[in-house]
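Survey of secondary and tertiary structure
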Amino acid sequence: MRQEDISEIWFEYEGTPLKWHYPIGLLFDLLASSSALPWNIIVHFKSFPEKDLLHCPSKDAIEAHFMSCVKEADALKHKSQVINEMQKKDHKQLWMGLQNDRFDQFWAINRKLMEYPAEENGFRYIPFRIYQTTTERPFIQKLFRPVAADGQLQTLGDLLREVCPSVMAPEDGERKNQVMIHGIEPMLETPLQWLSEHLSYPDNFLHISIIPQPTD
Amino acid sequence: MPLGLASPRPRSAPSPSLRPRLAAVGEQSALSVNMEEDAFLEEKAFQHYCAEFLKHSQQIGDGWEWKASKDSSDGYLCKTHFQAKATARSLPGASTEEGETWFPMERGWPGLWDHRLTFHCSCPPRGSEEALEVPSDDSEVPMTAAATEVVRYEYHVLYSCSHQVPVLYFRASFADGRPLALQDIWDGVHECYQARLRQGPWDTITQQEHPVLGQPFFVLHPCKTTEFMTPVLKNSQKINRNVNYIAAWLSVVGPVVGLTLPLSYAKVPSQDE
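On a predicted model such as this, the values are computed, not experimentally measured, just so you know.

Here we come to a nonpolar patch on the surface. Residues and elements named next belong to chain A. The grouping of Ile6, Ile9, Phe11, Ile41, Val43 and Phe45 at the surface amounts to a nonpolar patch, some 440 Å² of accessible area in total. Structurally, the position occupied by isoleucine 6 is in the segment before β1 (10–13). The exposure class of isoleucine 6 is partly exposed, given its relative accessible area of 34%.

Here it is in structure tokens:
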């Protein structure tokens, strides 16, 4: 290819432009979970799909997006108190830890985002997004408390019944869908608070995929 | 429907919430009875203020619409307008590299400032007296022609349940459908806000996915909204005059990205009067 013909890089899988701002594991679960690894995708250097994809002009764009998700998650969990109390260098450390795959560097800061006051039983609201390829809306995100009025810990099943009831129907029949996080199907009885603390992505969100049951 | 307001809680001292515990989602009430916290907007209140705002827009023909989302009870405000921009272009064949200079015709944007709800801006509009850079080498004098391009702006006001504030999304494209790039948007921000923008462009305006449409839009980051809305609402409570949250908020953030509100919006009631 000639240099002048090359424009912004973008990726595609089976006709679907891949959103770089989504975690790669989420994209795989949502679009290709039944296929074997390695995941084969197509790399494009032309015809950037302006209507489908965000531009990624530099690493700054990725850092800005990541930090904006982390801030949004903390707005839900702690009314932004924890993230706002941190210094700029802590935010930087979180991003650099992720960028350079430094677990300890990342978790030194992230652990503070996973704490909650002793008198509470969990976060204020749980940061989550539910994705289905069958809907026009890119994801479902709503306010949801991890602890019910009676003090009971809400479960993954409780969340789905509340915000995405079609997934759980029929209750006693065979489920048509898989509920997947990080490539696994957690039990629906798992407390959401626990999932948020232990199964969130680095941006502090639970990214949940609803996919059709595999037919094999 | 007044919001419950109180003095802003100092950020360093987390205090237990005095608000009665709500059960899981579905019980969002418009009123906040917590007297210790900053003013924030609940979703039902957002929808109510939007409805009042829309009524006024219809009365004065300001072009706002409500788009309801098909699969749920939420929706957003939406408005499209067109802006002419003068551009100076090098004609093909000129030896200098092709360049485009933006001369927004009215830097102050046509529209009015609500002085009670925004701050004064005394920046003179950047006019056509702004000179093109003329290269010193005569053999390379660019041939320029003034042309006008029409830019289509589309503004959406959505509710963010995470931040519990409205958020302004927008996109812009030329008549031929070519979208404006982030740098174009940053360059087009009014003079008054350029200093703030330069402090942290990535914290201010970026491209993000529209949460309902799933398409790329530009967003004005909502992180500071509660900070500047709290004093506005507290003051309105003090003088016993209810302000429409959406009108007040939009009159502050809109001008940053070329969207202004006629002064008559200041009189939009916040409840049925």
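Residues and elements named next belong to chain B. Structurally, glycine 258 can be placed in the segment after α6 (245–253). What makes glycine 258 buried here is its relative accessible area of 6%. C-alpha separation for the pair glycine 258 and glutamate 227, spaced 31 residues apart in sequence, amounts to 22 Å.

Note on soluble globular proteins: their nonpolar side chains tend to be buried together. In terms of nonpolar packing, the biggest core is built from 54 residues, with Phe53, Trp64, Leu168, Ile205 and Leu250 of chain B touching the most fellow members. Of the residues forming this core, the biggest block, seven residues, is contributed by α6 of chain B. If we ignore the near neighbours within four places in the chain, the residues touching isoleucine 205 of chain B are Phe170, Leu182, Ile185, Trp186, Val189, Leu197, Phe218, Val219, Leu220, His221 and Val257 of chain B. Judged by nonpolar contacts, the second largest core, of 37 residues, contains Tyr13, Phe28, Tyr201 and Ile208 of chain A.

In this section: the pattern of salt bridges. Pairing is possible between side chains of opposite charge, provided their charged atoms come close. Taken as a whole and assessed by the stated rule, the structure comprises 15 salt bridges over all chains. Note that glutamate 115 of chain A and arginine 111 of chain A form a salt bridge whose closest N and O atoms lie 3.3 Å from each other. Looking at glutamate 115 of chain A, the relative accessible area reads 40%, which means it is partly exposed. Here arginine 111 of chain A falls in the partly exposed class, since its relative accessible area comes to 45%. Taking the shortest distance from any N to any O, the salt bridge between lysine 79 of chain B and aspartate 62 of chain B comes out at 3.0 Å. Highlighted residues: lysine 79 of chain B in strand β2 (residues 75–90) and aspartate 62 of chain B in the loop between α1 (43–60) and β1 (65–68), separated in sequence by 17 residues. Neither lysine 79 of chain B nor aspartate 62 of chain B differs from the other in exposure class; each is buried. Three or more residues joined by partner-sharing salt bridges are found here, namely Glu149, Asp176 and Arg178 of chain B.

Next up on the list: the interface of chain A and chain B. Often, the extent of an interface is quoted as the loss of accessible area on bringing the components together. Contacts between the two partners involve 38 residues from chain A, matched on the other side by 37 residues from chain B. Taken as a group, Arg137, Leu143 and Arg145 of chain A account for 21% of the area that chain A buries against chain B, more than any other trio of residues on that side. At the boundary of chain A and chain B, one finds three salt bridges. Viewed at the interface, chain B and chain A are joined by nine residue pairs in polar contact (both at pLDDT 80 or more). With eight residues, helix α2 (residues 59–78) of chain A is the single largest residue contributor to the side of chain A that touches chain B. Among the residues forming the side of chain A that touches chain B, the class breakdown is 14 nonpolar, seven polar and 17 charged.

Another aspect to go through is the UniProt feature "domain: Autophagy protein ATG5 UblB" (unreviewed entry) in chain A. Under the UniProt annotation, "domain: Autophagy protein ATG5 UblB" (unreviewed entry) lies at residues 125–210 of chain A. Annotated as 22% helix and 15% strand, the span residues 125–210 of chain A places its first and last C-alpha atoms 21 Å apart.

It is worth spelling out the sheet that holds strand β6 (residues 206–212) of chain A at this point. Residues and elements named next belong to chain A. As summarised here, the arrangement of the three strands in space is β4-β6-β5, forming an open sheet in which the pairing is mixed. In this open sheet, the two edge strands, each paired with only one partner strand, are β4 (128–131) and β5 (177–180). Each neighbouring strand pair of the sheet contributes to a mean axis angle of 20°, computed without reference to strand direction. Across four bridges, the pairing between β4 and β6 is parallel. Residue pairing for β6: arginine 129 is matched across the bridge by histidine 207. The strands touched by helix α6 (residues 156–163) within the sheet are β4, β5 and β6, with β4 carrying the most contacts at an inclination of about 65°.

Before going further, it helps to spend a moment on the packing of α2 of chain A against helix α4 (residues 88–99) of chain A. Residue and element names in this part refer to chain A. Interhelical geometry of α2 versus α4 gives an angle of 115° and a closest axis separation of 11 Å. Where α2 crosses over α4, the two elements pack in a sense that is right-handed. Here Lys59, Ile62, Glu63, Phe66, Met67, Val70 and Lys71 of α2 come into contact with α4, specifically with His91, Lys92, Leu94, Trp95, Leu98 and Gln99. In the contact of α2 with α4, the residues fall into seven nonpolar, two polar and four charged.

Residues and elements named next belong to chain A. On the basis of which strands lie adjacent, the open sheet formed by three strands has the order β2-β1-β3 and antiparallel pairing. Lying at the two open borders of the sheet, with one neighbouring strand each, are β2 (16–17) and β3 (42–44). Two elements, β1 and β3, share three bridges in a ladder whose sense is antiparallel. The partner of phenylalanine 11 across the bridge, within β3, is valine 43.

Definitions and cut-offs
Residues numbered from 1 in each chain as written. Chains lettered and ligands numbered in written order. Predicted model: local features only at pLDDT ≥ 70, side-chain atom pairs only at ≥ 80, totals over all residues. Heavy atoms only, no water. Patch = residues over 30% accessible without salt bridge, like charges linked within 9 Å, V, L, I, M, F, W, Y side chains within 5 Å. Areas by Shrake-Rupley, 256 points an atom, 1.4 Å probe, with all protein chains shown as cover. Salt bridge = Lys/Arg side-chain N within 4 Å of Asp/Glu carboxyl O. Helix = DSSP H or I, 4+ residues; strand = E, 2+ residues; numbered from the N terminus. Buried < 20%, exposed > 50% of the residue type's maximum accessible area, 1.4 Å probe, protein only. Core = buried A, V, L, I, M, F, W, Y, C linked by side-chain atoms within 4.5 Å. Contact = heavy atoms within 4.5 Å. Buried area = accessible area lost by both parts, 1.4 Å probe. Polar contact = N/O pair within 3.5 Å; in protein donor to acceptor, adjacent residues only side chain to side chain. Nonpolar A, V, L, I, M, F, W, Y, C, P; charged D, E, K, R; others polar. UniProt positions renumbered as here; feature names shortened; annotations may be inferred. Pairing = 2+ DSSP bridges. Axes fitted to C-alpha atoms, helices over the stretch in contact; angles between N-to-C directions. Left-handed = near helix turned anticlockwise from the far one by under 90°.

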